[in-house]
Amino acid sequence: CASAGTIVGAHNSCIAGVQDILALHEKRKDTLSARDNNGNTPLHIAVKHRASHKVIDLFGDLEEALRRKLFSQLDKDGNVPLVIALNMKDVCPCVVASIIRALPSMCLIPSPSGSMPIRKATAIGLPSSVIKAFLLTDMPIEIIHADVVKPEMLVFEKSKTKELGHRYSFWHVMVECNDIYLSMIEDWIS
């Protein structure tokens, strides 16, 4: 999340270096899910050391089975990479968005204390675009066969929707966030 113009050649070299490392691991069939002596995978280390969202995107571009494994692995403290990022002071919203893009289902995994990621995301004031990514993963309904969502479809046309039960993220944002994200939700649903 560097400001425009602050990314230097060394930063780009670092990203290229990570690409080379990931390619070498894949070529040698090394496991990127292996843990170091502290119980961290390469992705855990990248997140904990505040790697750029571009580095996180490189992990997100891995083949699906490996990506799922990496983004869902717990560190020694029982945290998935999304929770690790949300617990970082001044986390870059782009890093959080990259993790959600890579494996959206991680929005549904609570921290070891039982706190849902959306609660931390709203508490630290992540931008509406990131909160929306949480909500897209954790809506109380799933639109199945609709090109255009109309309000009446959500209530009357049960064949067009599938009720998923109580979904924490959506209700947390609607009820507990004092209308902070209300305009984003209104724009999105309208």
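Parameters at a glance
Residues numbered from 1 in each chain as written. Predicted model: local features only at pLDDT ≥ 70, side-chain atom pairs only at ≥ 80, totals over all residues. Heavy atoms only, no water. Axes fitted to C-alpha atoms, helices over the stretch in contact; angles between N-to-C directions. Helix = DSSP H or I, 4+ residues; strand = E, 2+ residues; numbered from the N terminus. Parallel < 35°, antiparallel > 145°, perpendicular 65-115°, else oblique. Contact = heavy atoms within 4.5 Å. Nonpolar A, V, L, I, M, F, W, Y, C, P; charged D, E, K, R; others polar. Buried < 20%, exposed > 50% of the residue type's maximum accessible area, 1.4 Å probe, protein only. pLDDT = per-residue confidence, 0-100. Polar contact = N/O pair within 3.5 Å; in protein donor to acceptor, adjacent residues only side chain to side chain. Core = buried A, V, L, I, M, F, W, Y, C linked by side-chain atoms within 4.5 Å. Salt bridge = Lys/Arg side-chain N within 4 Å of Asp/Glu carboxyl O.

What to know about the packing of helix α3 (residues 53-60) against helix α6 (residues 93-102)
When two helices pack together, their arrangement is captured by the angle between the axes and the distance separating the axes.
Link 1 in the chain: Running from N to C, α3 and α6 cross one another at 5 degrees; their axes reach a closest spacing of 9 Å. One element, α3, and the other, α6, form an angle in the roughly parallel class. Of the residues in α6, those touching α3 at H53, I56, D57 and G60 are C94, V95, S98, I99, R101 and A102.
Link 2 in the chain: Tallied by class, the residues present in the contact of α3 with α6 amount to five nonpolar, three polar and two charged.

Considerations on the environment of F170
Link 1 in the chain: Among the secondary structure elements, F170 is positioned in helix α10 (residues 168-176).
Link 2 in the chain: Separated by 33 residues in the primary sequence, F170 and T137 have C-alpha atoms spaced 9.3 Å apart.

Some points on the environment of Q73
Link 1 in the chain: Positionally, Q73 belongs in the loop between α4 (64-72) and α5 (81-86).
Link 2 in the chain: Separated by 33 residues in sequence, Q73 and N40 place their C-alpha atoms 9.2 Å apart.
Link 3 in the chain: Every residue in contact with Q73, bar those within four places of it in the chain, is listed here: S33, R35, T41, H44, N79, V80 and P81.

Digging into the side chain of S111
Link 1 in the chain: Positionally, S111 belongs in the loop between α6 and α7 (117-123).
Link 2 in the chain: Using a relative accessible area of 13% as the deciding quantity, one classes S111 as buried.
Link 3 in the chain: Setting aside anything within four residues of it in sequence, one finds S111 in contact with N79 and V83.

Comments concerning α6
Link 1 in the chain: Counting buried positions along α6 gives seven out of ten residues, so the element sits mostly inside the fold.
Link 2 in the chain: Residues V95, V96, A97, S98, I99, I100 and A102 constitute the buried set of α6.
Link 3 in the chain: The secondary structure elements touched by the buried residues of α6 are α2 (42-48), α3, α4, α5 and α8 (128-137).

A look at the confidence of the model for the protein
Link 1 in the chain: Per-residue pLDDT for the protein averages 75, and the proportion of residues at 70 or more is 67%.
Link 2 in the chain: A low-confidence stretch, residues 3-14 (pLDDT under 50), is modelled with four contacts involving residues beyond four sequence positions or located in other chains.
Link 3 in the chain: In this model residues 143-166 is a low-confidence stretch, pLDDT under 50, and it forms 29 contacts with partners more than four residues away in sequence or in other chains.

Re the environment of E176
Link 1 in the chain: Tracing the chain through its elements places E176 in helix α10.
Link 2 in the chain: Its relative accessible area of 40% is what places E176 among the partly exposed residues.
Link 3 in the chain: There is a polar contact of 2.8 Å between the side chain of E176 and the side chain of R119.

Let's talk about the nonpolar core
A general trend in soluble globular proteins is that nonpolar side chains are found buried together.
Link 1 in the chain: Counting residues in each nonpolar core, the largest one holds 43 residues, and the members touching the most others are F71, L82, V96, I131 and F134.
Link 2 in the chain: In contact with L82, other than residues within four places in its own chain, are V96, I99, I100, M106, C107, P117 and F134.

Comments concerning the pattern of salt bridges
Oppositely charged side chains can pair when the atoms bearing their charge come close.
Link 1 in the chain: Counted by the stated rule, this structure contains four salt bridges.
Link 2 in the chain: Of the charged contacts, one joins D57 and R101 as a salt bridge, the two residues approaching to 3.4 Å between their closest N and O atoms. Of this pair, D57 sits in helix α3 while R101 sits in helix α6, placing them 44 residues apart in sequence.
Link 3 in the chain: With a relative accessible area of 22%, D57 lands in the partly exposed category.
Link 4 in the chain: Residue R101 is classed as exposed on the basis of its relative accessible area, which comes to 54%.
Link 5 in the chain: With a shortest N-O distance of 2.8 Å, E176 and R119 are connected by a salt bridge. You can see E176 sitting in helix α10 and its partner R119 sitting in helix α7, a full 57 residues away along the chain.

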